[in-house]
Amino acid sequence: MSTIARDRPAARPTGAPAGVPPRAELPAEHGRRRLRAGPVETVALAVLPVAWLWSTQEVLGQDWLWPVVGAVVSMALVAGLVRAVWPAFAGTAAAALVGVGWVTAVSAPDEALLGVIPTPEALRATMAVLGEGVQSIAWALSTPIDAEGAVLAAVVAAAVVLTVFVDLLGHGLRAPAIAVLCCAVALVLPIAFRIDVPWFHALPGVAAAALALAAPTIDDRVALGRGWVAPVALVAVAAVLAAAVPLMAPSPRESTLDLPTIEDLLRPTTPVLRTDIDLGDELRRPEARPVFTYSTTDGGPIVTRLMTLPHAGPDGFLALPPEAAQPSPLVEGADLGLAMQMTVRMSDVRAEGLPTPERASGVEPPEGARWDDANDALRIEGSLETAGLEYVAAGSRSTPLAELSGTASTGHDELLALPDAAAAIGRQGAALVQPGMTAAERVRAVHAFMTEGVWDYSEQLDLPGFGGAGGDGWAALEAFLETRSGYCVHYASATAALLRGAGVPTRVVVGFLPGSEISGGFAVSTNDMHAWAESWVDGHGWVRVETTPGAGTGDSSPSPEDDEQTQAPTPTPEPTPTDTAPTSTPTPSAAPSPGAPEPGASEAPGEGTGPGGIDPAVLRAWLLGIGALLLLALPWAVRQAQRVVRLRRGAPGAWQELRAALADAGVRLPASATPGDLQAAIAARVPPEAAAAADRVRLAAERAAFAGGPREPGACDADVRIAARGLVASLPPWRRALSTALPPSLLRVVPPLDAA
């Protein structure tokens, strides 16, 4: 029967009336072209990686665009030329070679032949650069990240990998739907950073995805001389609907689901310590990692300085250009207080500087470091290896605010300046003090304003100027002072700006809280990184003015006992010993330290539970999990519903179901294919009994369509099951599982019953 169907020049259904014209023949070359992507599909697959990467520009900016476009276009062109002569997989291999050249060119051109051909030295340099780029992205504390150097190399490498996968899946394996899913993984980046993706940033990716899915049908219709307006209109409708989704969907920062962050996915081995601050961004502190351990001669903990930010710039406080000099006491002739020495042993980190005592009076810079007098910091020069680095520094602790007695603040008038954008904050600071107040009284007045009443420590701030929502840093700081909700950078910057307005020279310091006590000293992790304000008072020198709720750094820090309304963070658990301290080094606790990420009042047992003792968070997690499983099962459920509906329509619907089952088996026939063509395609893939069952369904469908045969439901159900099981059994296990989870028949147009 299948031989007859293949030999007929013009397929006329059995039993069809004489006046019924035969179906149109496909072009002779169409059978060959069906195994390859058409021109529309080729273009759609080529633009997929760039279109989806466009949705990441809130994180990566736009500087990566032209290098990525150059890499993707050249890979697509070379793959197309190779594929015109050799098999599809040869085109994928050629695209991969071109992509390797691009990655080499942006990461290690000096070590490569002609700047693009990798050598062993170039491969090693490329891996080092890509690792640095991934770490820079994973540990970034502000966005957008400058896409240059190692970051650009990492983005280009990601685009190359996406392009190779798309070429392999779309052209080699002929699974464009899976290629679309691979490219959509680019959305993980803004989601991990909890950044809203504007609809017009996601629109290119959605439009390209819709076009890639509809492209096979468009190519078929163009080859047959039929209209292509309808499928293109469907692509436009899909793009418009997708553009409306972000307007209705919840913001990522409002989501209660704790999505994996980029550092959870990549987990770089070396933490990066950034000392620049962004007042208009949310805090994205990485997972707690060891930074250093220390011991002091008096046995007590101490706040350590990493970098000083003396300059009030257009968007916040900034460091000055470094000035090499010998370390000088930060009290500059004032009372040094109780002197001490600290011995530091560093872990493997990447940073601009090394920690020193809060008020350094002397330090022996290790080889590869120097003292920066402009920013009172111990700067790292070049690529100093910090793992195991040990050095000694001398200094003292800041004078408690209650003990300040200085009447003036002289010698640092340049640290009273504020930019025009911060003038309103300066005026607010001036209103907090009275004429005739001493410098110490002015400091205490501003400190009282910043610590009395309700102040909230929060890392996610849905306010104008925060989290990429628009506005500059000082506007964000004004919003912070109005809502009283922010994290240490905002508290330190606001305190410094108010004190400058109040007439006290002040700067911002980025450093570390004292850390966790261990045997023989203290351990400091990335969770202890902190920022505070520092004011100059004659006779006392630089004095720390700590206003972050629950920072727990001594008398100058607010505490729950001082102000019951001020929220305190969760206490740090006791650390466990390890072997990295100066004398005996334990690993610091991974729990958030006071003033570090995720602070919040600790809950008593039983708090936070709903009726019946059910924890709403646990219930929500279960519901989200069930929802995710239902979403994954949705394609399978829709396919089963289609099967039921078709079989209820009798023999024509049964034949339609076999046509869909053939599509699920990976055989896509054009809409003009005759019943004989379909029967031949099925018979070529199933055992004889399944082929006979499919032929019985075909005969019944033809009699129902042309000879008034029976259409009652259920007449062909058994034969449909036999033929469908034969098609499923012909597939390899991986393809069987894939077609069950994502049935291809849902993504391709199956002709209506009157065309079957």
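Residues numbered from 1 in each chain as written. Predicted model: local features only at pLDDT ≥ 70, side-chain atom pairs only at ≥ 80, totals over all residues. Heavy atoms only, no water.

## Focus on the pairing of strand β12 (residues 377–380)
Residue alternation in β12 divides its side chains into two sets, Ala377 and Arg379 and Leu378 and Ile380, and both sets are buried. Bridge analysis of strand β8 (residues 353–354) against β12 gives two bridges, and the strand direction is antiparallel. Bridge assignment links Leu354 to a residue of β12, and that residue is Leu378. Once strand β11 (residues 369–372) ends, the chain turns through four residues before running back antiparallel as β12, passing Asp376 with a positive phi of about 45 degrees. (Buried < 20%, exposed > 50% of the residue type's maximum accessible area, 1.4 Å probe, protein only. Helix = DSSP H or I, 4+ residues; strand = E, 2+ residues; numbered from the N terminus. Pairing = 2+ DSSP bridges.)

## A look at the confidence of the model for the chain
For the chain, the mean per-residue pLDDT works out to 75, and 71% of the residues sit at or above 70. Confidence drops under a pLDDT of 50 for residues 464–471, and excluding neighbours within four residues, the segment shows 24 contacts in the predicted structure. Counting contacts from residues 749–756, a segment whose pLDDT is below 50, to residues more than four positions away or on other chains yields 17 contacts. (pLDDT = per-residue confidence, 0-100. Contact = heavy atoms within 4.5 Å.)

## A short note on the sheet that holds β12
In space, the three strands of this open sheet follow the order β8-β12-β11, with antiparallel pairing throughout. Of all strands in the sheet, those with a lone pairing partner are β8 and β11, marking the two edges. As defined by bridge partners, β11 adjoins β12 across four bridges and the pair is classed as antiparallel. Among the inter-strand pairings, Arg370 is bridged to a residue of β12, identified as Arg379.

## Some points on the side chain of Thr356
Structurally, Thr356 can be placed in strand β9 (residues 356–357). Exposure remark for Thr356: the relative accessible area of 1% places this residue in the buried category. Excluding its chain neighbours within four sequence positions, the residues that come into contact with Thr356 are Val303, Thr304, Arg305, Met342, Trp371 and Leu378.

## Details of the sheet that holds strand β18 (residues 521–525)
Spatially, six strands are ordered β10-β13-β6-β2-β18-β17 in an open sheet, and the strand pairing comes out antiparallel. In this open sheet, the two strands that pair with only one neighbour each are β10 (359–363) and β17 (516–518). Adjacent strand axes in the sheet meet at a mean angle of 35 degrees when their direction is disregarded. Pairing analysis gives five bridges linking strand β2 (residues 290–296) to strand β6 (residues 340–346), with the strands arranged antiparallel. Within β6, the residue paired with Tyr294 across the bridge is Val344. (Axes fitted to C-alpha atoms, helices over the stretch in contact; angles between N-to-C directions.)

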